[in-house]
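So you can see what is in the structure, the chains are spelled out below.
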Amino acid sequence: MNWNKRTGLAAAAMAAATALITGCGAGTATEAGGTTPVADDKPMVDKANWPKATPERGLAKGLSLPLEEYMQTYQDTVTLDQASRKLQEKCMAEYGFSIELPLAGTTPPPNDNDANMERRYGLTDRQAAAQYGYGLPEALTKQVRQKMPELTDEAVQVLTGHTKPAAPATPGAVRAVEPAAESYQGKKIHKGGCHGWAKDKLKRPATDDLAFVSELNGNSFTESMATPAVKQALAAWSQCMKTEGYTAATPFEATDIAPHAEGGPASQEEIAVALAEIDCKEKTDLVKVWFTEESKIQKAQIAEHRTKLNGTRTRNSEAVAAADASLAG
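These notes cover the structure that comes with them. (Residues numbered from 1 in each chain as written. Predicted model: local features only at pLDDT ≥ 70, side-chain atom pairs only at ≥ 80, totals over all residues. Heavy atoms only, no water.)

## Re the overall build of the chain
Link 1 in the chain: Scanning the chain from terminus to terminus reveals 11 helices and 2 strands.
Link 2 in the chain: Along the chain, from the amino end to the carboxyl end, the secondary structure elements read α-α-α-α-β-β-α-α-α-α-α-α-α.
Link 3 in the chain: Split into buried and exposed, the 329 residues of the chain put 46% on the buried side. (Helix = DSSP H or I, 4+ residues; strand = E, 2+ residues; numbered from the N terminus. Buried < 20%, exposed > 50% of the residue type's maximum accessible area, 1.4 Å probe, protein only.)

This is the structure in structure tokens:
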């Protein structure tokens, strides 16, 4: 369901720190990677490619599920990551290390948050499908190459609070780490290193907080598929697809009819399937029906867990405010 290329909501700065140690990063390519560097006339962070808060065209235009109010947006994530990056660099400088961590926001995902409204119920944007089929625009598939600073063993300990990961004893095994030394050149190393110090400064929402919202989001989707209204709409959609020459019980099965070739343009067959499933959604009102039923479920979830969800939203808002203030200071 979620086409988001991010592998989680962990701070990009920490991913960058791991990248400095292991040689690869989340959403950031090393000099040794196969990506294309950004052209001199293009900004490293291009907000024009950032996902919109709500879809601006297609069958999902203007739709926003109730739980989205409690989710962390992509802009929130970038703000927090960028503030964390600056704080970590400042912290490292206090230990005598001058480093520049990768910028946040260079490789945006296709959706603003975990709801993924653009493709939550399958494809909804006919204009994009006519060009890319089930694929994504080129701007969302290429990573920006950023140069990684070299880190000594001591710098790794100061940054992360642990030693540089040792080579695994056997292929595929977890890289072992040890706690960092208590101090570096007489200055006590923060718990969790400069990364942990920056996280404490910003008071970022706990991973469990955001995971709970994502869990509710996933549950509502699953429950909505079982509602009589959605089952009826799916059956009508499936019948419509059959008249177009395709067999699929749900929009997610349609992707297997003409799989997208990774790294290549969409085939005419793929585009034909993509357009057919969108047209059948429009004829059967599938997106509208599904959204309506799932909204009811999410409203009930919010009523049941309002206190916990309000706490998550407040902590996120306060952390983003702290990050904005840190970046401005």
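## Regarding the layout of surface pockets
Link 1 in the chain: If you add up the space inside the second largest pocket, you get close to 690 Å³.
Link 2 in the chain: Surrounding the second largest pocket, 30 residues form its lining, Arg57, Glu118, Asp125, Pro137 and Leu140 being those nearest its centre.
Link 3 in the chain: For the lining of the second largest pocket, the per-class residue count stands at 15 nonpolar, 9 polar and 6 charged. (1 Å grid on protein atoms, 1.4 Å probe; cavity = no way out; pocket = protein on both sides within 12 Å on 5 of 7 lines; lining within 4 Å. Points joined across faces, edges and corners; volume = space filled by probe spheres on them. Nonpolar A, V, L, I, M, F, W, Y, C, P; charged D, E, K, R; others polar.)

## With respect to the pattern of salt bridges
Link 1 in the chain: Enumeration over the complete set of coordinates arrives at 12 salt bridges.
Link 2 in the chain: For Glu89, the salt bridge is made with Arg85, and the minimal N-O distance between the two is 3.5 Å. Linking Glu89 with Arg85, this pair stays in helix 2 (residues 74–94), spanning 4 residues, or about one helical turn.
Link 3 in the chain: Classification of Glu89 by relative accessible area gives buried; the value is 14%.
Link 4 in the chain: By relative accessible area, Arg85 is classed as buried at 4%.
Link 5 in the chain: Between Lys164 and Asp153 there is a salt bridge whose closest N-O contact spans 3.4 Å. (Salt bridge = Lys/Arg side-chain N within 4 Å of Asp/Glu carboxyl O.)

## Examining empty space enclosed by the protein
Link 1 in the chain: Evaluated as defined, the whole model comprises 2 cavities of 30 Å³ or more.
Link 2 in the chain: The volume enclosed by the second largest cavity comes to roughly 40 Å³.
Link 3 in the chain: For the second largest cavity, the full set of lining residues is Lys52, Ala53, Thr54, Pro55, Glu68, Asn111, Asp112, Asn113, Asn116, Met117 and Glu118.
Link 4 in the chain: Across the lining of the second largest cavity, the residue classes break down as 3 nonpolar, 4 polar and 4 charged.

## A look at helix 6 (residues 207–225)
Link 1 in the chain: For helix 6, which comprises 19 residues, the first-to-last C-alpha distance of 27 Å matches the rise-based estimate of 27 Å (1.5 Å per residue) to within 8%.
Link 2 in the chain: Taken together, the buried positions of helix 6 are occupied by Asp209, Leu210, Phe212, Val213, Leu216, Asn217, Ser220, Phe221 and Ser224.
Link 3 in the chain: Against the buried residues of helix 6 lie helix 7 (228–243), helix 8 (251–254), helix 10 (286–304) and helix 11 (306–328). (Expected span 1.5 Å × (residues − 1). Contact = heavy atoms within 4.5 Å.)

## Section: the nonpolar core
Link 1 in the chain: Ranked by internal contacts, the top residues of the largest apolar core, which has 40 residues, are Tyr121 and Leu309.
Link 2 in the chain: Breaking this core down by element, the ones donating at least two residues are helix 6, helix 7, helix 9 (268–284) and helix 10.
Link 3 in the chain: The leading source of residues in this core is helix 9, at 7 residues.
Link 4 in the chain: Apart from residues no more than four positions distant in its own chain, Leu309 is found in contact with Leu67, Tyr70, Phe212, Val213, Leu216, Gln301 and Ile302. (Core = buried A, V, L, I, M, F, W, Y, C linked by side-chain atoms within 4.5 Å.)

## Notes on helix 10
Link 1 in the chain: Spanning 19 residues, helix 10 covers 27 Å between terminal C-alpha atoms, matching the ideal 27 Å at 1.5 Å per step.
Link 2 in the chain: Inspection of helix 10 places Leu286, Val287, Trp290, Phe291, Glu293, Glu294, Ser295, Ile297, Gln298, Gln301 and Ile302 among the buried residues, and these make up the whole buried set.
Link 3 in the chain: Each element contacted by the buried residues of helix 10 is listed here: helix 6, helix 7, helix 8, helix 9 and helix 11.

## A short note on the state of the cysteines
Link 1 in the chain: Taken as a whole, this structure holds 2 disulfides when the rule is applied.
Link 2 in the chain: What pairs with Cys91 in a disulfide is Cys194, and their sulfur atoms sit 2.1 Å apart. For the disulfide bridge between Cys91 and Cys194, the dihedral angle about the S-S bond is near -70 degrees, and by the sign convention the bridge is left-handed. One end of the pair, Cys91, is in helix 2; the other, Cys194, is in helix 5 (residues 193–202), and 103 residues separate them in sequence. With respect to burial, Cys91 and Cys194 carry one shared label: buried.
Link 3 in the chain: Disulfide pairing places Cys240 opposite Cys280 at an S-S distance of 2.1 Å. Torsion about the S-S bond of the Cys240 and Cys280 cystine: about -80 degrees, corresponding to left-handed handedness. Of this pair, Cys240 sits in helix 7 while Cys280 sits in helix 9, and the two are 40 residues apart along the sequence. (Disulfide = S-S within 2.5 Å.)

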